[in-house]
Amino acid sequence: AVVSTQSTGENCRVVGDRFLAGYNYLRNKYDFVGDVRGKGLMMAMEFVESKETNNPLPMYYVNAILERAKDLGVLFGKGGLYINCLRIQPPMCTTVEDAEFTIQVMDKVFAELKEGILDVESFNPNK
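Summarised in this report is the structure supplied together with it. (Residues numbered from 1 in each chain as written. Predicted model: local features only at pLDDT ≥ 70, side-chain atom pairs only at ≥ 80, totals over all residues. Heavy atoms only, no water.)

What to know about the packing of helix α2 (residues 59-71) against helix α3 (residues 96-114)
To be explicit about the condition: Axes, fitted as lines to C-alpha atoms, cover a helix only where it is in contact. Angles between the N-to-C directions of the axes lie from 0 to 180 degrees. Counting from the N terminus, the helices are the DSSP runs of H or I reaching at least four residues and the strands are the DSSP runs of E reaching at least two. Note on angle classes: values under 35 degrees are labelled roughly parallel, values over 145 roughly antiparallel, values of 65 to 115 roughly perpendicular, and the remainder oblique. The hand of a helix crossing depends on one turn: near helix anticlockwise from the far one by less than a right angle means left-handed, and clockwise means right-handed. Residue contacts are counted whenever heavy atoms from the two residues lie within 4.5 Å of one another. Note that Gly is not counted as nonpolar here; it falls among the polar residues with everything else outside the nonpolar set of Ala, Val, Leu, Ile, Met, Phe, Trp, Tyr, Cys and Pro and the charged set of Asp, Glu, Lys and Arg.
Two elements in contact, α2 and α3, have axes whose closest approach is 10 Å; the angle formed by their N-to-C orientations is 135°. In terms of orientation, α2 lies oblique with respect to α3. The hand of the α2/α3 crossing is right-handed. On α3, the residues touching Y61, I65, R68 and A69 of α2 are V105, K108, V109, F110, E112 and L113. Taken together, the residues that form the contact of α2 with α3 break down as seven nonpolar, no polar and three charged.

Looking at the nonpolar core
For the record, the criterion: As used here, the term nonpolar core means buried Ala, Val, Leu, Ile, Met, Phe, Trp, Tyr and Cys residues forming a set that is joined through side-chain atoms within 4.5 Å. Exposed residues in this analysis have more than 50% of their type's maximum accessible area, buried residues have under 20%, and partly exposed residues fall in between, with area computed by a 1.4 Å probe over protein chains only.
Among the nonpolar cores identified, the biggest contains 34 residues, and Y23, M45, F47, F76, L86 and F110 are the most heavily contacted of them. Elements with a minimum of two residues in this core: α1 (5-29), β1 (33-39), β2 (42-47), α2, β4 (85-88) and α3. Here this core gets eight residues from one element, more than from any other, and that element is α3.

Re the pattern of salt bridges
To keep things clear, this is the line we draw: Salt bridges are identified by distance alone: a Lys or Arg side-chain nitrogen within 4 Å of an Asp or Glu carboxyl oxygen.
Following the criterion strictly, the structure yields nine salt bridges and no others. The partner of R13 in a salt bridge is E10, with the nearest N and O atoms 2.6 Å apart. Note that R13 and E10 are positioned in helix α1 at a spacing of three residues, about one turn of the helix. Owing to a relative accessible area of 42%, R13 belongs among the partly exposed residues under this scheme. Taking the shortest distance from any N to any O, the salt bridge between D107 and K29 comes out at 3.0 Å. Here D107 is found in helix α3, whereas its partner K29 is found in helix α1, with 78 residues between them in sequence. Among the charged side chains, a network of salt bridges with common partners joins E10, R13 and D17.

By themselves, these are just geometric observations and shouldn't be taken as functional.
Written as structure tokens, this is what we have:
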């Protein structure tokens, strides 16, 4: 089957807008989500200790977040100068339903981190 460039581009815009709206919701809900940025399906989410200090969240916290999200069915990359950012680059065939699922998983993982349920210490290299 041939996929038209126009429909693929439109899908990237629509789905990317849904992702960014959900990520901005998470940024407003959790103090450790410092920034959300992107265009289309190329996005990033930056983690900080708190919005007040804006200090990068330690990398082992990010590793714990990534592993828990993976366990729940969502894969991300990581990057940034302090390795405190999620690189979010889903394929162009991603749907709005995929975006909704991803946002729900992230909300669950972030709630577990906030409530102290997420085991970040097992990822601490200094322990």
